[in-house]
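Here is what each chain is made of, one letter per residue.
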Amino acid sequence: LECLKKKFQEKEEKYAPLRAEITALLPDHEVEQATFIAGVKGSIMEREWHENFRRLRVDDTEWEGIKTAAIKQLLAVQHTLWTARR
């Protein structure tokens, strides 16, 4: 989880200049960043993901399905990487 938190912070810092530039170009608009970080072994920052989906106005009833599908895909990628190493 610490690795995901570190990557999350890196993305926030990396895109801060872009957010500032967009804000300057569009002063009448609110600029937000929705960062989705996932680990190859199926780990996600669940609270942050859920908050981001809420900000994107995704209904809470759809959240569990989205989360499950994302984790399944991450685990499928992990399986592919694992079998490729053999």
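Conventions used here
For every chain, the first residue of its written sequence is number 1, and the numbers climb from 1 along that sequence. With pLDDT at 70 or above as the cut-off, local features in this predicted model cover only qualifying residues; side-chain atom pairs require 80 or more to be listed or tallied, and sums for whole chains, interfaces and linings still use all residues. Excluding hydrogens and water, the side-chain figures rest on all heavy atoms present in the structure. A run of H or I in DSSP counts as a helix once it spans at least four residues, and a run of E counts as a strand once it spans at least two, with each numbered from the N terminus. Burial status follows relative accessibility: with a 1.4 Å probe on protein chains alone, a residue under 20% of its type maximum counts as buried, one over 50% as exposed, and anything between as partly exposed. Any two residues having at least one pair of non-hydrogen atoms within 4.5 Å are treated as being in contact. Note on areas: Shrake-Rupley, 1.4 Å probe, and residue coverage restricted to the protein chains presented here. Residues scored as positive are Lys and Arg, those scored as negative are Asp and Glu, and His as well as the terminal groups of each chain are ignored. Charge positions are represented by NZ for Lys, CZ for Arg, CG for Asp and CD for Glu. Expected span of a helix: the number of residues minus one, times 1.5 Å. What we call the bend at a residue is the angle made by axes fitted to the seven residues finishing there and the seven residues starting there. Counting of polar contacts relies on pairs of N or O atoms within 3.5 Å, with two restrictions inside protein: one atom must be capable of donating a hydrogen and the other of accepting it, and residues adjacent in sequence are counted only when both atoms are side-chain atoms.

**Q** Help me out: how do you make sense of the overall build of the protein in this one?
**A** Within the protein, the secondary structure is distributed over 3 helices and 0 strands. In sequence order, the protein lays out its α and β elements as α-α-α. Based on the C-alpha atoms only, the size of the protein along its principal axes is roughly 55 × 30 × 20 Å. Looking at the protein residue by residue over its 86 residues, the buried ones come to 22%. Considering only residue pairs separated by 6 or more positions, the protein has 45% of its internal contacts joining residues 24 or more positions apart. Accessible surface, the protein: about 6700 Å² in total, of which carbon and sulfur atoms supply 56%. Here the protein holds 15 positive side-chain charges and 15 negative ones, and the gap between their average locations is 10 Å.

**Q** Teacher, can you tell me more about helix H1 (residues 2-25) here?
**A** Note that an α-helix has 3.6 residues per turn; residues three or four places apart therefore point the same way. The end-to-end C-alpha distance of H1 is 35 Å, a good match for the 34 Å that 24 residues give at a rise of 1.5 Å each. Remark: the principal bend of H1, roughly 40°, maps to Tyr15, with a proline, Pro17, within the next four residues.

**Q** Just checking my understanding: could you explain the side chain of Asn52 for this structure?
**A** Examined against the element boundaries, Asn52 turns out to sit in helix H2 (residues 46-55). Look at Asn52 and you get buried, because its relative accessible area is 5%. There is a polar contact of 3.0 Å between the side chain of Asn52 and the side chain of Arg55. For Asn52, the residues in contact, after removing those within four places along its chain, are Gln33, Ala34, Thr35 and Phe36.

**Q** Just checking my understanding: could you explain H2 for this structure?
**A** Among all positions in H2, only Glu48, Trp49, His50, Asn52 and Phe53 are buried. On its buried face, H2 sits against H1 and helix H3 (60-85). Arg57 sits one or two residues past H2 and shows a positive phi near 65°.

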